[in-house]
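Survey of secondary and tertiary structure
The lines below spell out each chain.
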Amino acid sequence: MMRRRHYQLDRLLFAAVSLCLVWGCARDSSNVRYLGEPDHQYYQAEATNIAFPVTESYTEGTINSAAPRTIQNIEEAPLHDLTLAECLQTALQNSHIIRSGGTFLSSGNPIYTNPDRVSSIYDPALQESGVLFGNRGVEAALSAFDAQFTTSMLWGRNETVQNNAFFGGGLTPGGTLVAETGNFNAGLQKSFGNGGIVTLGHSVNYLQSNAAQLFPSAYSGNVQLQYQLPLLAGSGTEFTRIAGPIGQQFGGLTGVSQGVIIARINNDIALADFESAVRNMSKDVEDAYWDLYLAYRNYHTAMTAWESALETWRTAQIQLDLGSRTRAEVAQARDQLFAMEAAKENSQSNIFTSEVRLRRLMGLPVNDGSVLRPIDEPVSAELVPDWYASMTEALTHRVELRRQKWNIKSLELQLRAAHSLTRPRLDFISSYQVNGFGDHLLANTDNDVAGTAQGLNSFYETINQGDQTGWNLGLQMSMPVGFRSAQTQVRNYEIRLAKAQRVLSEQEQEISHELAVAFQELARAYATAQTNMNRLLAASENVKYLEPNVREGDKLLDDLLRAQTRNAEAEVAYYQSLVDYNKALTNLQYRKGVLLEHNGIYLAEGAWTAEAYNDSDRRAEARAYAMDEPFVFPAPEPFASSGPVDGVYSTVEEVSGDAPADMEETQPTENESSEVETASGTATLE
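Residues numbered from 1 in each chain as written. Predicted model: local features only at pLDDT ≥ 70, side-chain atom pairs only at ≥ 80, totals over all residues. Heavy atoms only, no water.

1. Some words on the overall build of the chain
Along its length, the chain carries 17 helices and ten strands. Scored against the burial criterion, the 686 residues of the chain give a buried share of 35%. Across the chain, contacts joining residues at least 24 apart in sequence account for 76% of those joining residues at least 6 apart. Entry remark: accessible area of the chain is about 43,000 Å², with carbon and sulfur atoms responsible for 54%. (Helix = DSSP H or I, 4+ residues; strand = E, 2+ residues; numbered from the N terminus. Buried < 20%, exposed > 50% of the residue type's maximum accessible area, 1.4 Å probe, protein only. Contact = heavy atoms within 4.5 Å. Areas by Shrake-Rupley, 256 points an atom, 1.4 Å probe, with all protein chains shown as cover.)

So, in structure tokens, the structure goes:
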């Protein structure tokens, strides 16, 4: 009867729930009535729309910057005389994110399109703290050797009907067996540099049952020490330092690039990338500095030309009134005046644009109330560098070569580790354990005749006695038939290494061509600067002797106007070639890989905590008293050096000559070459 009532109640409940569900899904929502006035702002007609993150999107220095200066908005502002050294220092201080001059105003500027790949001062630290596969830092690689502690505690109860006519323990045939269990496990595992793994484990199992047994409840378990050591694949300190412990690898996923050495090399590659970015920014800052200097020079030239054109027009106007000039000549003078005024406005606007470009590289606001003005004069002395010495410097100090050599060293080490995996996985396995059993977990003060008589009163007491022990010793082997994946991995690393070595050779060849062009540009810029200087002197002399004649009316006005134009063009060309020469000097240092040292820029890490320095001092003190072990060799061999190794030497006899000489005016004659004596020898101008 009870069972039937339960069944009927279940049917009634099921019918009620089904009715509610059907009515809830099929009812017309238009018949629903609500209280109050509706507010339709919550209506959503689409599922996707533009949303904005809840975060500030500006900085105080950016939002508070004044409007940029233009030729229509010129205000009096104090001049900030800026040296090149101060410019570089300010740029370095404000470049947490390293800027590039070539990406400014570009639609593909990586600061917008790929901000995660933009160089910054955080990049070395990001690599150092990397934890992902293929991008692990040293600390993450060392964490593979951290001891791992695991533990668990489970309780349970189980009741089962026994279909056994001989079941004892006071149960009737078909009775219920009740078992209450407890399970405790704890383990401590440590990996070593040789690939071995040591595991210390402890387990306790509790069982209370109404079955026929010696004790109604009992504790059993053991304390076990295990040791596993790879003998073939993944064996040895060299493999572990390169690829990481083989026991922690996931086949086909982690590869052989998770070791401490590879992580250290990745850090060096990140430092090389950072140094390259700082070097490029330094060159961009220097170029922008000289561009601003040239803009000021061009403005000065345009202003002088405008003043000369204005004076000429006024003179022509007076002479027109006196009848010595025609209206056509006066109109030509006025046309020249407006042309010079347009050139003056363009050059003045170019000053503002060049200043903004320099401010961007220096990390300064668009307008902070002051006007930047370069005060360093460009170098006008000739530099004749030595080709073989410069080539040696370039092949030794170029950061791109150092980065590629790190990549080659990493691939060489990974290839060694990959060869190790072409052998079977053969491990030595051993374990030793002390077993325990007892009616109680700890010592019991109650009189337990059965347990005491057999020495099984306490679980930990039997563990402490160590009478019940066990051990295992043997080998375990596994291998894929054919080693197809391992052989493919070796082949892949061989190809990657061959490509990296060929790339290094091409990089060295590319550097030689870049250096050759730098030499040619340096010679061209200096020769052009000398020629334009002579041109400027000649043009100035032409104007000087024409002006009196024009005032007297002896010469055509057109001759003076053309001479003034040529004089302005010669002055612009001279300073343009002089700035090009200084950029060529910078480019030479850049191509040789010594631009940072030339500018006094050196990379250094930030300060550590006081505890770190104390720990380093303690370790150094301990090693200071150590003795060399003649029978121990590093594996793999040392892969890093504090300075360049395998120096570059030329087999061609070197020709010296790198002393500077100031530019001098020359007076070449027709079909004749003239020589200018310099400190380094003779410079011939054809």
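Picking up after the structure, the text goes on.
2. Quick notes on the packing of helix H8 (residues 260-322) against helix H15 (residues 557-592)
With their axes 10 Å apart at the nearest point, H8 and H15 run at an angle of 170° to one another. Relative to H15, the element H8 lies roughly antiparallel. Across the contact of H8 with H15, the residue classes break down as 14 nonpolar, eleven polar and eight charged. (Axes fitted to C-alpha atoms, helices over the stretch in contact; angles between N-to-C directions. Parallel < 35°, antiparallel > 145°, perpendicular 65-115°, else oblique. Nonpolar A, V, L, I, M, F, W, Y, C, P; charged D, E, K, R; others polar.)

3. What about the confidence of the model for the chain?
Across the chain, the average pLDDT comes to 84, with 84% of residues at 70 or higher. Every residue in residues 1-7 is under pLDDT 50, and counting partners more than four places away or in other chains gives zero contacts. (pLDDT = per-residue confidence, 0-100.)

4. Concerning unusual backbone geometry
Phi angles above zero are rare outside glycine, and Leu 105 is one such case at about 65°. Mapped onto the secondary structure, Leu 105 falls in the loop between helix H3 (84-93) and helix H4 (110-113). The exposure class of Leu 105 is exposed, given its relative accessible area of 67%.

5. What about the pattern of salt bridges?
According to the stated counting rule, one finds 25 salt bridges in the structure shown. Residue Arg 69 is joined to Glu 355 by a salt bridge in which the shortest nitrogen-to-oxygen separation is 3.0 Å. With Arg 69 in the loop between helix H2 (60-63) and strand E1 (79-82) and Glu 355 in helix H9 (residues 327-362), this pair connects stretches of sequence that are 286 residues apart. On the basis of relative accessibility, which here comes to 12%, the residue Arg 69 falls in the buried class. Residue Glu 514 is joined to Arg 398 by a salt bridge in which the shortest nitrogen-to-oxygen separation is 3.4 Å. Of the two residues, Glu 514 sits in helix H14 (residues 484-552) while Arg 398 sits in the loop between helix H10 (387-397) and helix H11 (399-420), which places them 116 residues apart along the sequence. (Salt bridge = Lys/Arg side-chain N within 4 Å of Asp/Glu carboxyl O.)

6. Considering the nonpolar core
By size, the foremost hydrophobic cluster in this structure holds 39 residues, and its most contacted members are Phe 239, Val 256 and Ile 265. Of all the secondary structure elements, the ones that give two or more residues to this core are helix H7 (237-243), H8, H10, H11, H14 and H15. Residues contacting Phe 239, with those up to four places away along its chain left out, are Gly 234, Gly 244, Ile 246, Gln 249, Val 256, Ala 417, Ser 420 and Leu 421. Judged by nonpolar contacts, the second largest core, of 36 residues, contains Ala 295, Leu 372, Ala 570 and Leu 596. (Core = buried A, V, L, I, M, F, W, Y, C linked by side-chain atoms within 4.5 Å.)

7. Some thoughts on the side chain of Asp 386
Mapping Asp 386 onto the fold places it in the loop between strand E6 (371-374) and H10. Buried and without a salt bridge, Asp 386 has Lys 592 as its closest oppositely charged side chain, separated by 9.4 Å. Engagement of the side chain of Asp 386 in a polar contact is seen with the backbone nitrogen of Ala 389, the distance being 2.8 Å. (Lys, Arg positive; Asp, Glu negative; His and termini not counted. Polar contact = N/O pair within 3.5 Å; in protein donor to acceptor, adjacent residues only side chain to side chain.)

8. Considering the packing of H3 against H8
Helix-helix packing is described using two parameters, namely the angle between the two axes and the distance between the axes. Relative orientation of the contacting elements H3 and H8 amounts to 135°, with a least axis distance of 10 Å. On the basis of the axis angle, H3 is oblique to H8. Between H3 and H8 the crossing geometry is right-handed. Of the residues in H8, those touching H3 at Leu 84, Cys 87, Leu 88, Ala 91 and Leu 92 are Val 278, Met 281, Ser 282, Val 285, Glu 286, Tyr 289 and Trp 290. (Left-handed = near helix turned anticlockwise from the far one by under 90°.)

9. Description of empty space enclosed by the protein
Summed over all chains, the structure comprises two cavities of 30 Å³ or more. Of the voids in this model, the largest cavity is the one considered here, and its volume is about 60 Å³. What lines the largest cavity is Glu 275, Arg 279, His 397, Arg 398, Val 399, Gly 593, Leu 595, Leu 596 and Glu 597. When residues of the lining of the largest cavity are traced back to their parent elements, those giving at least two are H8 and helix H16 (595-598). (1 Å grid on protein atoms, 1.4 Å probe; cavity = no way out; pocket = protein on both sides within 12 Å on 5 of 7 lines; lining within 4 Å. Points joined across faces, edges and corners; volume = space filled by probe spheres on them.)

10. Quick word on the sheet that holds strand E7 (residues 425-438)
Pairing is antiparallel in the open sheet, where six strands are placed in the order E2-E3-E4-E5-E7-E8. With partners counted over all chains shown, the strands left at the sheet margins are strand E2 (148-161) and strand E8 (469-478), one partner each. With direction set aside, neighbouring strand axes in the sheet form an average angle of 15°. (Pairing = 2+ DSSP bridges.)

11. A few points about the packing of aromatic side chains
In total, this model carries eight aromatic pairs according to the counting rule given. Judged by centre distance (4.9 Å) and plane angle (40°), the ring pair of Tyr 206 and Tyr 219 falls under tilted. Residue Tyr 206 is located in strand E4 (residues 197-209), and its partner Tyr 219 is located in strand E5 (residues 217-230); the two are separated by 13 residues in the primary sequence. By relative accessible area, which is 21% here, Tyr 206 ends up partly exposed. An angle of 85° between the planes, with centres 5.2 Å apart, marks the rings of Tyr 289 and Trp 290 as edge-to-face. Put simply, the rings of Tyr 289, Trp 290 and Tyr 293 touch in pairs and so form one group of aromatic residues. For the cation-ring pair, Lys 190 lies above Phe 192, with the distance from its terminal atom to the ring centre recorded as 5.1 Å. Directly above the aromatic system of Trp 306 lies the positively charged group of Lys 344, at a separation of 4.2 Å from the ring centroid. (Phe/Tyr/Trp six-rings, centres within 6.5 Å; stacked < 30°, edge-to-face > 60°. Lys NZ or Arg CZ within 6 Å of the ring centre and 35° of its normal.)

12. Structural notes on the layout of surface pockets
Put simply, the largest pocket is a space of about 1,800 Å³. Taken together, 45 residues line the largest pocket, and the ones lying closest to its centre are Asp 268, Leu 271, Glu 275, Arg 402 and Trp 406. Of all the secondary-structure elements, those providing two or more residues to the lining of the largest pocket are helix H5 (123-128), H8, H10, H11 and H16.

13. Description of a nonpolar patch on the surface
A cluster of nonpolar side chains, namely Ile 97, Ile 111, Tyr 112, Ile 121, Tyr 122 and Leu 126, defines an oily patch on the protein surface of about 620 Å² accessible area. Tracing the sequence through the fold places Leu 126 in helix H5. Its relative accessible area of 54% is what places Leu 126 among the exposed residues. (Patch = residues over 30% accessible without salt bridge, like charges linked within 9 Å, V, L, I, M, F, W, Y side chains within 5 Å.)

14. Quick word on the environment of Ser 257
With respect to the secondary-structure elements, Ser 257 resides in the loop between H7 and H8. For the pair Ser 257 and Leu 413, spaced 156 residues apart in the sequence, the C-alpha separation amounts to 9.1 Å. Setting aside residues up to four positions removed in sequence, Ser 257 forms contacts with Ile 242, Ala 243, Ile 262 and Gln 414. Here the side chain of Ser 257 touches Gln 258 through a polar contact of 3.2 Å, side chain to side chain.

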